[in-house]
Amino acid sequence: MTYQFTVSPDFSPDHLSGWYIFNTWLQKQTGEGIHLEMYNSFQDQGAAIQNDGVDLIYANPFDAAMLVRDKGFCPLTKPVGVADEALIAVSADSAIYDVADLSLGTKIAMTDDPDVRMMGMMLLEPGDLSANNTQIVHCNAYILVAKQLLQGHADVGVFLAEAYDDLSGMIKSKLRVLVRSEISVIHHALMVGPKLAHRKEELQALLVAMAADDKGRDVLKNLGFQAWATVDHEDMEFMIDLMDALAV
Amino acid sequence: MRDFKPEDVVGDYKEAVLDLYGGLRRVVFYTDLETPYPDGKLIVSTTDTNGIITHGNKAFVEMSGYTLDELIGSPHSILRHPDMPAVAFKDLWDTVNKGLHWQGIVKNLRKDGGYYWVKATVIPNIRQGKVVSYTSVRRKPSHTKVEECTALYASLK
């Protein structure tokens with residue numbers, strides 16, 4: 001049997017090859033056939049999950065509730081020291097210095113990355129802004145969010161903080177951060193579906209031990225991670241509750 | 001939960017006696033000093049089903065002015081400000097006891113007598129179909145909402 005593995009479509013393009021290397025490592029370690037399918041959009045990935053076409057996933061926290069509560073997934077691990085944070089940026093020459101100074105009808109450039117959108121809208125709330133009184137400028141990548149700001153097509157941009165930090169120095173010099181989230185507890189996680197659940201503990205042990213040998217560390221480095229840490233069921237439930245609270 | 005001590009309070013203060021959920025009474029001292037909500041942060045705390053604090057994050061400790069040891073084991077009403085109408089908290093408990101989310105703008109009382117405003121969301125933590133605890137997540141409210149609620153709560157006192 002071949003199991004289906006996928007990665008949240010918001011992965012950094014720099015780490016695309018890293019996920020294929022990780023999948024090869026995973027197959028060697030487990031002796032299982034595992035096919036890695038990278039979806040281009042959250043919509044395509046969501047359809048595959050709904051059709052029970054995913055057995056292992058590096059999941060966006062926004063999808064965690066659906067995966068756990070509707071599809072019977074269990075958390076395995078999360079990357080150590082990596083949390084999802086969002087930030088709001090403007091063009092460096094913008095007259096806006098505080099979210100509270102933004103007005104109704106503000107044009108917001110953002111991607112379809114669901115947890116970053118949610119955190120970004122939360123950061124804009126102190127300005128009384130919501131999806132109902134703003135204009136969303138949809139972008140396919142964070143570099144395009146920056147482009148919308150630089151070209152004056154959007155007033156503010158919502159970024160995954162890590163993606164913003166990875167922009168070139170030249171681009172960042174033309175932008176200014178208004179506010180950055182410091183939530184710390186929202187993170188992606190590797191999760192296993194019902195068909196692979198019988199190997200959950202074994203998978204967790206393999207993943208946590210990765211950082212202990214040279215080969216494992218090389219594979220992790222290609223993903224931009226230092227190590228995996230176990231996520232237990234209650235940790236995941238707590239994050240799901242937190243996401244629920246932020247979604248309203 | 002102990003009453004306020006004058007030595008803990010910063011600045012000129014007024015005194016109030018609060019009638020709290022569960023029949024508790026508390027003497028508090030409060031001032032006009034506001035601590036602004038920090039940009040980008042979330043205050044997170046969890047209580048048991050009786051409203052006793054079991055967990056709080058770093059922002060909770062920083063904004064409340066209490067130590068984590070003082071907070072854990074105390075009723076969440078340790079943060080109750082005398083300007084908050086009792087009806088708001090009745091609505092909170094009535095809502096979460098039905099298994100629903102409650103959201104509102106809340107003025108909280110710090111240990112030093114000052115205050116801070118939050119947009120609070122309280123959710124029941126449901127495990128195996130049973131409410132086992134409650135989590136409160138607070139974020140920065142807008143000035144407009146704070147002004148609206150200042151007037152509303154004064155009218156409900």
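Residues numbered from 1 in each chain as written. Chains lettered and ligands numbered in written order. Predicted model: local features only at pLDDT ≥ 70, side-chain atom pairs only at ≥ 80, totals over all residues. Heavy atoms only, no water.

This paragraph deals with the packing of aromatic side chains. Taken as a whole and assessed by the stated rule, the structure comprises 16 aromatic pairs over all chains. Through successive ring pairs, a cluster of aromatic residues spans Phe-5, Trp-19, Phe-22, Trp-25, Tyr-58, Phe-225 and Trp-228 of chain A. Sitting over the face of the ring of Tyr-97 of chain A, Arg-176 of chain A holds its NZ or CZ atom 3.8 Å from the ring centroid. In this structure, Lys-107 of chain B packs its charged tip against the face of Tyr-115 of chain B, placed 4.3 Å from the ring centre. (Phe/Tyr/Trp six-rings, centres within 6.5 Å; stacked < 30°, edge-to-face > 60°. Lys NZ or Arg CZ within 6 Å of the ring centre and 35° of its normal.)

Okay, the domain arrangement of chain A next. Residues and elements named next belong to chain A. Here chain A is described as being made up of domain 1 (2–82 + 185–246) and domain 2 (86–180). The straight-line distance from the C-alpha centre of domain 1 to that of domain 2 is 28 Å. Here domain 1 and domain 2 share an interface that buries about 830 Å² over both sides, 72% of which is from carbon and sulfur atoms. Sorting the residues of domain 1 by area buried against domain 2 places Phe-42, Phe-62 and Leu-246 first, and these three jointly supply 50% of that buried surface. On inspection of domain 1 and its partner domain 2, the count reaches 0 salt bridges. On inspection of domain 1 and its partner domain 2, the count reaches 2 residue pairs in polar contact (both at pLDDT 80 or more). If you list the elements that add at least two residues to the side of domain 1 that touches domain 2, you get α3 (61–70) and α10 (233–246). Across the side of domain 1 that touches domain 2, the residue classes break down as 6 nonpolar, 2 polar and 1 charged. (Domains from an automatic or database assignment. Buried area = accessible area lost by both parts, 1.4 Å probe. Salt bridge = Lys/Arg side-chain N within 4 Å of Asp/Glu carboxyl O. Polar contact = N/O pair within 3.5 Å; in protein donor to acceptor, adjacent residues only side chain to side chain. Helix = DSSP H or I, 4+ residues; strand = E, 2+ residues; numbered from the N terminus. Nonpolar A, V, L, I, M, F, W, Y, C, P; charged D, E, K, R; others polar.)

Now for the side chain of Thr-135 of chain B. Structurally, Thr-135 of chain B is set in strand β7 (residues 130–139). Judged by its relative accessible area of 2%, Thr-135 of chain B falls in the buried class. Of the polar contacts made by the side chain of Thr-135 of chain B, one reaches the side chain of Thr-46 of chain B; its length is 3.4 Å. Beyond its immediate stretch of four places on either side in the chain, Thr-135 of chain B contacts Phe-238 of chain A together with Val-44, Ser-45, Thr-46, Thr-121, Val-122, Ile-123 and Asn-125 of chain B. (Buried < 20%, exposed > 50% of the residue type's maximum accessible area, 1.4 Å probe, protein only. Contact = heavy atoms within 4.5 Å.)

Nonpolar side chains in soluble globular proteins tend to be buried together. Counting 65 residues, the largest nonpolar core has Leu-124, Phe-159, Met-191 and Met-236 of chain A as its most contacted members. Those residues in contact with Met-236 of chain A, other than ones at most four positions away along the chain, are Ala-64, Val-68, Pro-75, Ala-189, Met-191 and Val-231 of chain A. (Core = buried A, V, L, I, M, F, W, Y, C linked by side-chain atoms within 4.5 Å.)

A few words now on the environment of Phe-42 of chain A. All names here are of chain A. Inspection of the secondary structure assignment puts Phe-42 in helix α2 (residues 42–50). Note on Phe-42: relative accessible area 13%, which makes it buried. With 34 residues separating them in the primary sequence, Phe-42 and Ser-8 have C-alpha atoms 7.4 Å apart. For Phe-42, the residues in contact, after removing those within four places along its chain, are Ser-8, Pro-9, Asp-10, Asn-60, Asp-63, Asp-112, Asp-113 and Pro-114.

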